[in-house]
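Analysis of the macromolecular model
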Amino acid sequence: MRSLIFGLALTAVFALVAALSFLWTPYDVTVLEIANKLKPPSVAHWFGTDHFGRDIFSMIMVGARTSIAVAVVAVGIGMGLGVPLGLAAAARKGSLLDEVIMRGNDLIFAFPSLLIAILITAIFGPSAVNAIIAIGIFNIPVFARLTRGAALSLWTRDYVLAARVAGKGAVRISIEHILPNVANLLIVQGTIQFSLGILAEAALSYVGLGAQPPTPSWGRMLADAQTLIALAPHVALFPGFAILFTVLGLNLAGDGLRDVLDPKLRVQR
Amino acid sequence: MTLLSIENLSLSIRGTPVLRDVSLTVASGEILGVIGESGSGKSLTAFSVLQLLPEGSACEGRVKLLGRDVLAMSEPDLCAMRGREVGMVFQEPMTALNPVQTIGAQVAETILIHEPKTRKSEAMKRAAQALTRCELPQNKFPLSRYPHEMSGGQRQRVVIAMAIALQPKLLIADEPTTALDVTTQAEILALLTRLVREDGMGLMLISHDLAVVTDMAHRIAIMKDGEVVETGGINLHHTMKHPYTKALFEASGHHPDRSAAPQETALLEVKGATRDYSLPRKSLFGAADTFRAVDNVSFQIRRGESLGLVGESGCGKSTLTRAILGLEPLQGGSILLDGQPVGPEVRRKMQVVFQDPYGSFNPRHKVGRLVAEPFHLLNRKASSAEVDEALTSVGLLASDQHKYIHEFSGGQRQRIAIARALIIKPELIVLDEAVSALDVSIRAQILDLLADLSDKFGLTYLFISHDLSVVRAITDRCLVMKAGKIVEEGETEHLFTMPSHHYTQTLIAAAPRLPGA
């Protein structure tokens with residue numbers, strides 16, 4: 001329970017910061033002030049300034065938008081497509097449908113994800129939206145496999161047999177009996193994928209395939225700061241911490257959520 | 001000579017008292033049967049001897065093994081004692097063996113741990129001897145076998161070989177035959193008796209089954225709620241004084257009263273049912289082999305009748321059950337319920353209760369929703385009055401519908417399973433080992449409930465079980481199944497007193513009997 005509250009609080013802080021950035025930031029992140037470049041943290045610039053003299057605190061606020069949006073939508077795509085595919089494959093185990101779904105997953109898994117992302121951005125041009133799609137596609141097989149694996153063992157349970165005796169079809173059983181019992185796994189995997197999404201966006205932006213300047217993103221900020229690390233470590237440190245704490249908050253929230261959703265643990269508390 | 005003496009042992013786990021004032025003794029060459037229902041502390045008593053207790057356990061009293069106080073021994077001393085002086089046989093042979101090691105390596109491991117100077121070849125030779133003593137001869141079961149290549153009974157023999165490899169003074173067997181078929185059970189019990197006699201070992205045989213223990217034990221201890229309520233010799237059924245012992249004997253041989261007489265019309269007709277499974281191909285181009293799980297089975301159940309279906313594991317009774325429920329396609333023959341083939345239309349006349357009270361319910365739904373599930377067949381939602389009625393008719397409270405399933409005990413869960421089967425007022429209820437996982441006293445209650453419900457609602461039962469005493473108690477007629485075929489069919493009492501097929505005779509002879517029953 002403590003981990004849930006702490007995790008949710010940490011996540012909420014970043015979500016609020018991202019929301020606030022639409023209305024107000026201490027400085028305008030599109031205005032360059034070269035004279036002020038690489039200033040260490042001070043009262044005027046809490047997190048200091050980068051090599052163009054932009055306020056890092058403001059950039060982290062705006063960057064949270066990109067990073068969180070990319071991760072949320074990418075996990076959404078992965079779950080929204082992967083979970084139903086996994087449920088369908090498990091419900092028709094051994095059939096042609098199962099083969100098609102799982103071999104399709106293998107196909108996606110077989111490609112290095114960054115390579116496909118580069119391919120997509122090469123075709124459609126680099127942008128945050130294309131990064132989201134690329135990361136989302138790679139989340140599909142993760143969720144499909146996890147769901148199928150867990151669902152297969154549930155299909156042999158007596159309560160599923162009882163539901164079949166009650167005349168329920170595969171779709172209904174999948175929704176009523178299988179999904180609620182794989183939900184805990186999906187939540188945990190979801191938070192992991194969410195963190196990986198943020199990191200993947202950072203990686204794509206780092207190689208210049210994600211959010212394009214002047215839109216700040218945490219990954220881009222890290223990429224830009226890399227060459228300056230000896231000169232002005234704070235430029236790399238703060239976006240790094242932002243990623244670290246968001247991921248930490250999400251993982252804690254995921255763990256806590258799993259426990260809260262389990263009726264067995266709920267009563268024991 | 002007294003081998004083990006437990007004196008006034010009390011055990012608490014994290015402050016909760018589990019055992020109170022337990023005193024038992026086992027002498028060399030003696031078989032002590034410890035009987036109790038789940039939660040009576042019989043296994044924890046055994047684990048106290050080995051000091052293999054869960055974290056946070058605190059023992060008081062004395063456990064003397066070969067004159068030494070086990071409770072005062074250090075962990076290295078305990079390790080030296082476990083396996084060498086005390087061997088242990090577990091309930092589940094499937095999980096007691098490591099699936100990636102050969103049986104030879106596993107038996108030799110016990111020897112190598114306690115006698116590290118032994119050469120590996122020497123240890124293997126002794127492992128082979130131990131296995132041979134457990135009736136696994138080397139020409140048929142070489143040391144290089146893996147556990148998955150053996151049957152449940154053979155695996156249990158490997159577990160026993162591991163336990164006796166160093167010829168311990170005391171053997172503890174915790175429900176050694178509960179997971180096995182009757183005929184295998186009889187063989188394993190005979191093996192244990194022989195080993196005890198040959199080695200002069202003491203044996204502490206823990207079981208929930210009175211009949212198994214009274215068949216072979218020299219002395220019997222009855223445990224309840226962490227206490228030994230009564231001890232006695234083999235004539236315990238004459239000398240018993242404690243009301244719980246009497247209740248236990250009564251429940252074990254319980255015959256519920258049934259008054260409803262079956263009608264003449266057939267409710268379920270199975271005609272020449274055949275189910276084949278295809279086996280994996282042995283070669284790329286060879287035709288796939290098939291395994292015939294159900295072979296040309298025909299029988300009828302009359303309205304209001306209670307029909308038993310008896311057979312050992314793998315005989316095809318589960319496949320047949322699923323076929324009757326319409327969950328498995330048939331390759332031949334037909335199954336008619338009320339004259340119609342099993343499909344959505346007639347499904348509502350038939351419900352099922354499964355064996356495992358823990359796996360039969362979705363843990364995420366409340367009882368009210370679980371019980372109402374069969375209403376899907378009627379295309380409507382259950383009214384709360386109907387849920388109330390179903391729950392109260394099985395002896396639960398209407399308010400229980402707002403609870404989750406994990407808040408109930410095994411017996412209560414089985415009542416909920418029966419409520420779920422009853423709620424749409426079916427005509428036939430298939431009971432697939434429905435009381436096998438329950439303690440005897442709970443089992444007696446459930447059998448009474450079933451008898452009562454069949455009188456009240458005119459229900460027809462198909463009662464599938466491996467437990468002959470239960471089938472005898474509740475059925476009018478009985479089928480015996482072996483290798484996919486029905487080998488014998490007849491009135492239950494007649495079949496049990498005068499079995500004609502030799503397999504039925506073997507089954508009945510192998511079943512342990514209660515004295516005086």
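In what follows, the accompanying structure is described.

Attention now goes to the overall build of chain A. Regarding its fold elements, chain A presents 10 helices and 0 strands. Going residue by residue from the N terminus, the α and β elements of chain A occur as α-α-α-α-α-α-α-α-α-α. C-alpha extents for chain A along the principal axes are approximately 75 × 50 × 30 Å. Counting all 269 residues of chain A, 44% fall into the buried class.

Further remarks concern the sheet that holds strand β10 (residues 227–233) of chain B. All names here are of chain B. Spatially, 6 strands are ordered β6-β7-β8-β3-β9-β10 in an open sheet, and the strand pairing comes out mixed. Since the sheet does not close on itself, it has two edges, and those belong to β6 (86–89) and β10, each with one partner. Averaged over all pairs of adjacent strands, the angle between strand axes in this sheet comes to 20°, irrespective of strand direction. Across 6 bridges, strand β9 (residues 219–224) lies against β10 in antiparallel orientation. If you follow Lys 224 over to β10, its bridge partner there is Glu 227. Packed on one face of the sheet, helix α10 (residues 243–252) meets β9 and β10 and runs near 100° to β9.

Our focus in this paragraph is the interface of chain A and chain B. When the parts of a complex come together, some accessible area is lost, and that lost area is often used as the size of the interface. Contacts between chain A and chain B engage 17 residues on the former and 22 residues on the latter. Secondary-structure elements contributing two or more residues to the side of chain A that touches chain B are α6 (158–165), α7 (170–206) and α10 (263–268) of chain A. At 7 residues, α6 of chain A tops the list of elements feeding residues into the side of chain A that touches chain B.

Residues and elements named next belong to chain B. The 4 strands are arranged β2-β1-β4-β5 in an open sheet whose pairing can be described as antiparallel. Among the strands making up the open sheet, the edge pair consists of β2 (16–27) and β5 (68–69). Across 2 bridges, the pairing between strand β4 (residues 57–65) and β5 is antiparallel. By the bridge assignment for β5, Leu 65 is matched with Arg 68.

Residues and elements named next belong to chain B. For Lys 425, which is not glycine, the phi dihedral falls at a positive 50°. Classification of Lys 425 as partly exposed rests on a count of 14 C-beta atoms within 10 Å. Of note in this structure, Glu 433 is not a glycine but carries a positive phi near 50°. By secondary structure assignment, the location of Glu 433 is in the loop between β17 (428–432) and α16 (440–457).

What counts and how
Residues numbered from 1 in each chain as written. Chains lettered and ligands numbered in written order. Predicted model: local features only at pLDDT ≥ 70, side-chain atom pairs only at ≥ 80, totals over all residues. Helix = DSSP H or I, 4+ residues; strand = E, 2+ residues; numbered from the N terminus. Buried ≥ 20, exposed ≤ 12 C-beta atoms within 10 Å, placed from the backbone. Pairing = 2+ DSSP bridges. Axes fitted to C-alpha atoms, helices over the stretch in contact; angles between N-to-C directions. Contact = placed C-beta atoms within 7 Å.

Without other data, these values stay purely geometric and don't point to any function.
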